[in-house]
Amino acid sequence: MTDVVDSDELLRRIQRARAFAAQEVQTWSQQGDAVREVAYEAVLRVLDEIVAPGQHAAK
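Residues numbered from 1 in each chain as written. Predicted model: local features only at pLDDT ≥ 70, side-chain atom pairs only at ≥ 80, totals over all residues. Heavy atoms only, no water.

A. Structural detail: the pattern of salt bridges. Inspection of the entire model under this criterion finds five salt bridges. Of the charged contacts in the structure, one is a salt bridge between Glu-9 and Arg-13, with a shortest N-O distance of 2.9 Å. Highlighted residues: Glu-9 and Arg-13, both in helix 1 (residues 7-31), separated by four residues, approximately one helical turn. Given the relative accessible area of 19%, Glu-9 is considered buried. The shortest N-O distance in the salt bridge between Arg-16 and Glu-9 comes to 4.0 Å. What emerges from the salt-bridge pattern is a single network uniting Glu-9, Arg-12, Arg-13 and Arg-16. (Salt bridge = Lys/Arg side-chain N within 4 Å of Asp/Glu carboxyl O. Helix = DSSP H or I, 4+ residues; strand = E, 2+ residues; numbered from the N terminus. Buried < 20%, exposed > 50% of the residue type's maximum accessible area, 1.4 Å probe, protein only.)

B. Main features of the packing of helix 1 against helix 2 (residues 34-51). Their axes nearest at 8 Å, the elements helix 1 and helix 2 cross at an angle of 155°. By the angle between their directions, the pair helix 1 and helix 2 is classed as roughly antiparallel. Like other packed secondary-structure pairs, helix 1 and helix 2 cross with a definite hand, here left-handed. Taking contact as the criterion, the partners of Leu-11, Ile-14, Ala-17, Arg-18, Phe-20, Ala-21, Ala-22, Glu-24, Val-25, Trp-28 and Ser-29 in helix 1 are, on helix 2, Arg-36, Glu-37, Tyr-40, Glu-41, Val-43, Leu-44, Leu-47, Asp-48, Ile-50 and Val-51. (Axes fitted to C-alpha atoms, helices over the stretch in contact; angles between N-to-C directions. Parallel < 35°, antiparallel > 145°, perpendicular 65-115°, else oblique. Left-handed = near helix turned anticlockwise from the far one by under 90°. Contact = heavy atoms within 4.5 Å.)

C. Structural detail: the packing of aromatic side chains. Per the stated rule, a full pass over the model turns up one aromatic pair. For the ring pair Phe-20 and Tyr-40, a centre distance of 6.3 Å and an interplane angle of 75° mean the geometry is edge-to-face. On the criterion of sequence distance, the pair formed by Phe-20 in helix 1 and Tyr-40 in helix 2 is long-range, its members being 20 residues apart. Take Phe-20: its relative accessible area is 49%, and that puts it in the partly exposed class. (Phe/Tyr/Trp six-rings, centres within 6.5 Å; stacked < 30°, edge-to-face > 60°.)

Okay, structure coming up:
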């Protein structure tokens, strides 16, 4: 994992991770696993803050 990546590739990776986390929130919500749902919601909020700092309301 010593590959050097440019900022565009880093942003693409973060966006893919964000899309995955959003899907997992939906999946675990439908399956009724509140613990995993909340965990992925936290990941989603962190990734949102990385992509768009300061644009998200605190919950």
